[in-house]
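# Coordinates in review
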Amino acid sequence: MSTSLPVIDLRSDTVTRPTPAMREAMARAEVGDDVYGEDPTVNALQARLAVELGFEAGLFVPSGTQSNLLALLAHCERGDEYIVGMDAHTYRYEGGGAAVLGSIQPQPLVQAADGSLPVDAVEQAIKPDDPHFARTRLLCLENTWHGRVLPMDYLAAARALCDRRGLSLHLDGARLFNAAVALGLPPRAIVRHFDSVSVCLSKGLGAPVGSVLLGSQALIAQARRWRKVAGGGMRQAGILAAAGLHALDHHAAALADDHARAARLAAALEGMSAVRLAAQHTNMVFIDVVAGGTDGFRAHMEAAGVRVSVGYTPRVRLVLHRDVDDVGVERTIEALRSFSE
Ligand SMILES: *Cc1c(COP(=O)(O)O)cnc(C)c1O
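Position numbers for residues count from 1 along each chain, tracking the sequence in the order it is written. For this predicted model, a pLDDT threshold of at least 70 governs which residues receive local features, and a threshold of 80 or more governs which side-chain atom pairs are given and counted, while totals over whole chains, interfaces and linings are taken from all residues. Side-chain calculation: all heavy atoms of the structure are included, whereas hydrogens and water are not.

The protein appears in an unreviewed UniProt entry as L-threonine aldolase from Aerolutibacter ruishenii. UniProt positions are given in the numbering used here, feature names are shortened, and annotations may be inferred rather than shown by experiment. Check the Subunit (unreviewed entry) section of the UniProt entry for the protein; it says "Homotetramer." Recorded in UniProt for the protein, the comment headed Cofactor (unreviewed entry) runs: "pyridoxal 5'-phosphate".

### Comments concerning unusual backbone geometry
Look at the link from N143 to T144: it is a cis peptide, with omega at 5°. By the secondary structure assignment, T144 is in the loop between strand 5 (135-142) and helix 7 (152-165). Unlike most non-glycine residues, S103 shows phi in positive territory, near 50°. Of the residues examined, S103 reaches a relative accessible area of 38% and is grouped as partly exposed. Even without being a glycine, T282 presents a positive backbone phi close to 40°. Mapped onto the fold, T282 is located in the loop between strand 9 (275-281) and strand 10 (284-289). Helix and strand definitions follow DSSP, with helices as H or I runs of at least four residues and strands as E runs of at least two, each counted in order from the N terminus. Note on exposure labels: buried denotes an accessible area under 20% of the residue type's maximum, exposed denotes more than 50%, and partly exposed covers the range between, all computed with a 1.4 Å probe on protein chains only.

### Comments concerning the sheet that holds strand 8 (residues 211-215)
Pairing between sheet strands relies on hydrogen bonds along the backbone, with the strands arranged either parallel or antiparallel. Strands pair, by our definition, only if DSSP identifies at least two bridges between them. Pairing within the open sheet is mixed, and its 7 strands lie in the order 2-8-7-6-5-3-4. Looking along the sheet, the strands with just one partner apiece sit at the ends: strand 2 (57-61) and strand 4 (105-109). Strand after strand, the sheet turns through a mean of 20° between neighbouring axes, direction not considered. When strand 3 (residues 80-85) meets strand 4, the two strands line up parallel, connected through 5 bridges. By the bridge assignment, Y82 is partnered in strand 4 with P106. Contacting strand 2, strand 7 (196-200) and strand 8, helix 2 (residues 40-53) crosses the sheet at an angle of about 130° to strand 2. In this analysis an axis means a line fitted to C-alpha atoms, helices contributing only their contacting stretch, and an angle means the value between N-to-C directions, from 0 to 180 degrees. Pairs of residues are marked as contacts when any of their non-hydrogen atoms sit within 4.5 Å.

### A few points about the UniProt feature "modified residue: N6-(pyridoxal phosphate)lysine" (unreviewed entry) in the protein
Mapped onto this numbering, the UniProt entry annotates "modified residue: N6-(pyridoxal phosphate)lysine" (unreviewed entry) at K203. For K203, a relative accessible area of 13% corresponds to the buried category. Residues in contact with K203, not counting those within four places in the same chain, are D13, T14, T16, A174 and R175.

### Overview of the sheet that holds strand 12 (residues 315-319)
Within the open sheet, the 3 strands sit side by side as 9-10-12. Their pairing is antiparallel. Strands with a single pairing partner mark the edges of an open sheet, and in this sheet they are strand 9 and strand 12. Going across the sheet, the axis of each strand differs from the next one's by a mean of 25°, ignoring polarity. As defined by bridge partners, strand 9 adjoins strand 10 across 6 bridges and the pair is classed as antiparallel. Residue pairing across strands places V275 opposite V289, the latter belonging to strand 10. Each of strand 9, strand 10 and strand 12 touches helix 12 (residues 255-268); the most contacted strand, strand 9, lies at about 155° to it. Strand contacts of helix 13 (residues 294-303): strand 9, strand 10 and strand 12, with the helix running at about 125° to strand 10, the strand carrying the most contacts.

### Things to note about the domain arrangement of the protein
Start and end positions for the domains come from either an automated domain assignment or a database one. By domain assignment, the protein separates into domain 1 (8-15 + 254-340) and domain 2 (31-250). On a C-alpha basis, the centres of domain 1 and domain 2 stand 29 Å from each other. Across the boundary between the two partners, domain 1 contributes 14 residues, which contact 15 residues of domain 2. Accessible surface is computed with a 1.4 Å probe, and the buried area is the amount of it that two parts give up when combined, taken over both parts together. Regarding the contact of domain 1 and domain 2, the summed buried area is about 1,200 Å², with carbon and sulfur atoms giving 60% of it. Summed over the three residues of domain 1 that lose the most area to domain 2, namely D13, L255 and T282, the buried surface amounts to 40% of that side. Throughout this description, the term salt bridge denotes a Lys or Arg side-chain nitrogen within 4 Å of a carboxyl oxygen of Asp or Glu. For the pair domain 1 and domain 2, the number of links is 1 salt bridge.

What follows is the structure in structure tokens.
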């Protein structure tokens, strides 16, 4: 296969590059010093998402990791704990930040196959008010989780539990807009049960940098303080916020195309011998490499111009995003087929 074809990068939806129109919007952005709260474009992005998602206030931050960290620091104090999925991003993939920087203990629980934390298990994990125990303060969910959309009735049940037991509820909504598109609902309908939500602009939405944390005025004031402490106070950040605004205007609805391409890829796996479909949800396809080994698989795909990341298990995650078009999907299918031959 010719190496002059563009590389199809299926490692993550974080690899999306800003479009010329997005760069144009960034270049034109009005800016000010955001640590003084004076960047009009940052303020516009924060206000827009607060209104759109139904919260009092928003805070623009450099990354989803920092956004979740600030939420944990704002909800919890030293000696508190949050209940979280064993395989949730906030527990597993954020360097233990809440424990490292906030003396906040995680209480991880095994997630159900759909990504939910069974309400009974959460309830049993809540510690009694007793100096032997950390104070359970917060339940943290993730939507989508490995591409899966949490059931809406589960979100209501989680809220009811939190109300009954006096917990706050945070959503790692890095891919909230994927969930909204998949459900055909406004994102606001999904997050209405939550006290705070973090959304990533730099995943499938295609902005180069940035996440936004949403919550009450009081919570966001706390988070703003921690953002400065964590070194996340940016100055003329409107250039970055402009990319986020552009992404919300022009890229959110197109996430449906990524989902359709993921479904097309999943369907094409039928009957292949060396790779088997494990699951497909929203923009993610999970396959098991059942012959040829994952290193062999990665090398084969790389030679065909398709970049994938493999770990220590036979399961490989393929992520669709706006920089992979229909031609890219067909090239990927061709490469998978030739691996199976
Ligand atoms: C990507 C991601 C984050 C945040 O990631 P950053 O790389 O720090 O922006 C948080 N949660 C989930 C589920 C994610 O996929």
